[in-house]
Amino acid sequence: MMPKTLKNVIKFICFFGIGVLLIWLVTKDLTPEQWDQINVAFRKANYWLAIPAVVMGLVSHWLRATRWKLLMKPLGHQPSTLNTFFAVMVGYLANLAVPRLGEVTRCGILAQYEKIPADKLVGTMIAERAVDMVCLLLLIAVTILTQIDVLGAYVHHDIYLPIAAKIANANGTQLLLLAAAVMVFILALLWLLRRFARSKAAITVKALAKGVMEGILSIGKMENKWSFILQSILIWGCYLSQVYIGFYCLQETSHLGISAALAVLMIGSIGMIVTPGGIGAYQALVQKALELYGISYVIGYAFGWIIWVVQTLLVVFVGFLSLVALPILNKKQTAAPAKS
């Protein structure tokens with residue numbers, strides 16, 4: 001068996017490598033003039049407006065801590081809000097190294113300082129992540145439905161028409177080969193699903209899916225479910241306000257409204273999942289989203305970096321402070337009893 005630390009190191013190298021590769025792919029064709037434009041955008045940005053964005057980020061993290069506490073209440077546990085907040089921030093810090101490592105880390109920290117069984121905390125974490133996934137899906141639906149003209153035109157011109165053109169220009173042999181390839185892929189997928197249905201990986205995925213569903217259903221049984229729902233809405237509202245405030249950092253994006261902020265939040269959230277802290281993926285996807293609203297390539301890319309750096313520095317700074325503050329705050333609880 002491979003040591004857990006070595007596995008995490010390999011994961012970090014792989015995911016970080018993907019981020020670096022994405023940065024290279026996005027920047028490899030930039031001309032010296034475009035690099036100059038990006039540098040000018042960085043120099044002219046109004047970084048004072050990053051302060052309210054940071055405040056909204058802190059509020060969202062605090063709300064996430066208080067929302068997590070609501071999930072623990074039915075289990076008979078009422079941890080300190082500060083301990084919960086510090087655990088959340090250390091978890092975010094760990095996620096910068098390896099995606100999803102933060103969930104395990106924050107559960108372990110709270111289990112250590114609040115004496116709560118770790119398995120119960122993992123259950124609440126799964127429920128919380130399930131809710132976040134539902135929120136992201138709702139965000140995607142709202143963004144698409146409210147901006148069908150912009151997003152629909154993009155799908156039609158940049159995705160549907162190129163595919164349709166390739167199919168129309170293909171000869172009979174190419175179409176036959178394509179159909180055969182699709183059929184082989186479907187048959188191979190069905191065989192793999194049947195072959196590994198009872199494997200450890202499949203059982204783990206099934207258990208995870210079951211846990212997510214149970215987590216979502218458990219919210220309806222909560223005593224403070226409306227408070228939980230309200231805090232979930234406020235968390236994503238804070239995320240949206242960070243992007244919207246960020247638009248005013250650059251003159252070229254200051255005219256953009258809530259519609260563009262929704263699109264950037266939607267696609268940026270997906271980028272955050274792909275690589276550690278979203279490095280590479282977040283900037284590239286945000287740039288693509290802003291192109292739909294008439295923002296140039298270089299300005300969109302610069303904006304993605306500005307927002308990403310502000311969010312990442314907040315997590316790094318507060319995360320390390322939380323690591324230092326946790327043992328100090330819990331000194332009395334963790335101190336060994338004096339011998340008589």
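Cut-off values and rules
Residues numbered from 1 in each chain as written. Predicted model: local features only at pLDDT ≥ 70, side-chain atom pairs only at ≥ 80, totals over all residues. Heavy atoms only, no water. Axes fitted to C-alpha atoms, helices over the stretch in contact; angles between N-to-C directions. Helix = DSSP H or I, 4+ residues; strand = E, 2+ residues; numbered from the N terminus. Parallel < 35°, antiparallel > 145°, perpendicular 65-115°, else oblique. Left-handed = near helix turned anticlockwise from the far one by under 90°. Contact = heavy atoms within 4.5 Å. 1 Å grid on protein atoms, 1.4 Å probe; cavity = no way out; pocket = protein on both sides within 12 Å on 5 of 7 lines; lining within 4 Å. Points joined across faces, edges and corners; volume = space filled by probe spheres on them. Nonpolar A, V, L, I, M, F, W, Y, C, P; charged D, E, K, R; others polar.

Colleague: Quick rundown of the packing of helix α6 (residues 118–146) against helix α10 (residues 225–247)? Include the residues and the values.
Modeller: Packing of α6 against α10 brings their axes to within 11 Å, and their N-to-C directions diverge by 55°. Taken together, the axis directions place α6 and α10 in an arrangement best described as oblique. As α6 runs across α10, the sense of the crossing is right-handed. Where α6 approaches α10, its residues V131, D132, C135, L136 and L139 are matched on the opposing element by F228, S232 and W236.

Colleague: Lay out empty space enclosed by the protein with the relevant residues and their values.
Modeller: Gaps left between atoms show up when a probe the size of a water molecule is rolled over them. For the coordinates displayed, the defined rule picks out one cavity of 30 Å³ or more. By volume, the largest cavity is sized at about 40 Å³. In terms of lining, the largest cavity is formed by R64, V88, G91, Y92, N95, G102, E103, R106 and R129. For the lining of the largest cavity, the elements supplying multiple residues, two or more each, are α4 (81–97) and α5 (101–114). Among the elements that make up the lining of the largest cavity, the one with the highest residue count is α4 (four residues). Its residues assigned to classes, the lining of the largest cavity shows two nonpolar, three polar and four charged.

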